[in-house]
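Below, each chain spelled out in residue letters.
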Amino acid sequence: MISSLRGVVSHVGLSSAVIDVHGLGMLVQATPQTLATLRTGSEAFVHTAMIVREDSMTLYGFSDADQREVFEILLGVSGVGPRIALAVLAVHTPEAIRVAASTGDDKAFSKVSGIGPKGARRIVLELADKLVPHGTAENSPVSPRWQEQVLAAMTGLGWSEKDATAAIDDTAAEHPDVAAAGNVGEILKLTLRRLGNDGARAASRRKAG
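Sequence positions are assigned chain by chain, starting from 1 and proceeding in written order. At least 70 in pLDDT is required for a residue's local features to be given in this predicted model, at least 80 for side-chain atom pairs to be given and counted, and no such filter applies to totals for whole chains, interfaces and linings, which use all residues. Only heavy atoms go into the side-chain values, all of them from the structure, while hydrogens and water stay out.

S.K.: Help me understand the overall build of the protein in this model?
M.R.: Helix and strand definitions here come from DSSP, where helices need a minimum of 4 consecutive H or I residues and strands a minimum of 2 consecutive E residues; each element is numbered from the N-terminal end. Looking only at helices and strands, one finds 10 helices and five strands in the protein. Think of it in three bands: with a 1.4 Å probe and only protein chains considered, a residue is buried below 20% of the maximum accessible area for its type, exposed above 50%, and partly exposed in between. Across the 209 residues of the protein, 39% fall into the buried class. Sequence-distant contacts in the protein: of pairs separated by 6 or more residues, those separated by 24 or more amount to 55%. Of the roughly 11,600 Å² that the protein leaves accessible, carbon and sulfur atoms contribute 54%. Contact criterion: two residues are considered in contact whenever any of their non-hydrogen atoms come within 4.5 Å of each other. Here the Shrake-Rupley method, with its probe set to 1.4 Å, supplies the accessible areas, and only the displayed protein chains count as covering residues.

Below, the structure is given as structure tokens:
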């Protein structure tokens, strides 16, 4: 496995570059941001990830290790291949991707060419507990963007904004660990359960009355 390259840049294209490593030209696919740091004739160092398939071996290059880490985590999402993962990094920084995943911001991923609404929702659900913004503390407050995502899901299911907001606040208070982690899917499930139980109790009271 080739995890990094150091050599002289012999060519920089729109989506790839060639780095001469002791006379061996290594073709590296990269984002425009990474390619912008390379200069023909100058020495360069890039972190790399190698994707091996039956008919090909492709190197993907990154200007720092964090980009490579996020790229490899994105590859773990069903339906996301190297091309889409690289496209996500071309649109968003690694930290922006971490924030979007942890807050359930599927719209951030739908901005990427090749990712539709369903694909974006799948990405945030599968990455919710895998990508956490750097510096996130366990006792950090519930993110407003996180609340907005859960609230949108609740109102989309037919609950009033008032009832949904109250239920989300109560759920976050009862499960601070889940709220601190920004696990949208888990909070949504717990909130739906709370609303269901409250509805059942209200119905029982009406029957008793």
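S.K.: Looking at this model, I keep getting lost on the environment of Gly 104. Mind explaining?
M.R.: The topology assignment puts Gly 104 in the loop between α4 (94-103) and α5 (106-110). Residue class for Gly 104 comes out buried when judged on its relative accessible area of 7%. Along the sequence, Gly 104 and Val 184 sit 80 residues apart, while their C-alpha atoms lie 5.8 Å from each other. Sequence-distant contacts of Gly 104, defined by excluding residues within four places in its chain, comprise Val 124, Gln 149 and Val 184.

S.K.: What is the right way to read the nonpolar core from this model?
M.R.: Taken as a class, soluble globular proteins show a tendency for nonpolar side chains to be buried jointly. Phe 71, Val 88 and Phe 109 are the most contacted members of the largest nonpolar core, which has 26 residues in total. In terms of residue count, the dominant contributor to this core is helix α3 (residues 82-91) (five residues). Beyond its immediate sequence surroundings of up to four residues, Phe 109 is in contact with Val 88, Ile 97, Ala 100, Ala 101, Ile 115, Ala 120, Ile 123 and Val 124. By nonpolar core is meant a set of buried Ala, Val, Leu, Ile, Met, Phe, Trp, Tyr and Cys residues that side-chain atoms within 4.5 Å join together. Counting residues in each nonpolar core, the second largest holds 14 residues, with Ala 17, Ile 19, Val 46 and Met 50 among its members.

S.K.: Help me understand the pairing of strand β3 (residues 24-29) in this model?
M.R.: Successive residues of a regular strand alternate their side chains across the two faces of the sheet. Whether two strands pair comes down to DSSP finding at least two bridges between them. Of the strand pairs in this sheet, strand β2 (residues 16-21) and β3 are connected by six bridges, and their pairing is antiparallel. Within the sheet, the bridge partner assigned to Val 18 lies in β3 and is Leu 27. What sits between β2 and β3 in their antiparallel hairpin is a turn of two residues, with His 22 showing a positive phi close to 55°. Relative to strand β5 (residues 56-62), β3 runs parallel, the two sharing two bridges. The residue of β5 that forms the bridge with Gln 29 is Tyr 60.

S.K.: Explanation requested: the packing of aromatic side chains in the structure shown.
M.R.: Two aromatic rings are characterised by how far apart their centres lie and by the angle between their planes. Here a pair means two rings of Phe, Tyr or Trp (six-membered ring of Trp) with centres within 6.5 Å. Their orientation is stacked below 30 degrees between planes, edge-to-face above 60, and tilted elsewhere. Scanning the model with the defined rule gives two aromatic pairs in all. Centroid distance Tyr 60 to Phe 71: 5.3 Å. Interplanar angle 35°. Geometry classified as tilted. Here Phe 71 lies in helix α2 (residues 65-74) and Tyr 60 lies in strand β5, a separation of 11 residues in the sequence. With respect to burial, Tyr 60 and Phe 71 carry one shared label: buried. With a centroid separation of 4.9 Å and an interplanar angle of 50°, the aromatic rings of Phe 62 and Phe 71 are classed as tilted.

S.K.: Teacher, can you tell me more about α2 here?
M.R.: Since the α-helix turns once every 3.6 residues, residues separated by three or four places project in the same direction. For α2, the set of buried residues is Gln 67, Arg 68, Val 70, Phe 71 and Leu 74. Down the axis of α2, the sector holding all buried residues measures 165°, keeping them to one side. Side-chain atoms alone can form a polar contact between residues adjacent in sequence; in general such a contact is a pair of N or O atoms within 3.5 Å, and within protein one must be able to donate a hydrogen while the other accepts it. N-cap assignment for α2: the residue whose side-chain oxygen lies 3.1 Å from the backbone N of Asp 66 is Asp 64. In this context, the arc is that of the directions from the helix axis out to the C-beta atoms.

S.K.: What am I meant to see in the packing of α2 against α4 here?
M.R.: Relative placement of two packed helices is described by the angle separating their axes and the distance separating the axes. Angles shown run from 0 to 180 degrees and are taken between the N-to-C directions of axes, each axis being a line fitted to C-alpha atoms and, for helices, limited to the stretch in contact. At a minimum axis separation of 9 Å, α2 and α4 run at an interaxial angle of 40°. As summarised for this structure, α2 and α4 are arranged oblique, according to the angle between their axes. When α2 is examined against α4, the residues Asp 66, Gln 67, Glu 69 and Val 70 are found in contact with a partner set consisting of Pro 94, Ile 97 and Arg 98. Residue polarity follows a fixed list, in which Ala, Val, Leu, Ile, Met, Phe, Trp, Tyr, Cys and Pro are nonpolar, Asp, Glu, Lys and Arg are charged, and the others, Gly among them, are polar. A class-by-class count of the residues in the contact of α2 with α4 yields three nonpolar, one polar and three charged. Comment on the angle field: the value is read as roughly parallel under 35 degrees, roughly antiparallel over 145, roughly perpendicular from 65 to 115, and oblique elsewhere.

S.K.: I tried to follow unusual backbone geometry on my own but got confused; where do I start?
M.R.: For residues other than glycine, phi is negative in most cases, and the peptide bonds are mostly trans. Phi at His 22 takes a positive value of approximately 55°, unusual for a residue other than glycine. With respect to the helices and strands, His 22 occurs in the loop between β2 and β3. Relative accessible area serves as the criterion here: at 84%, His 22 is assigned to the exposed category.

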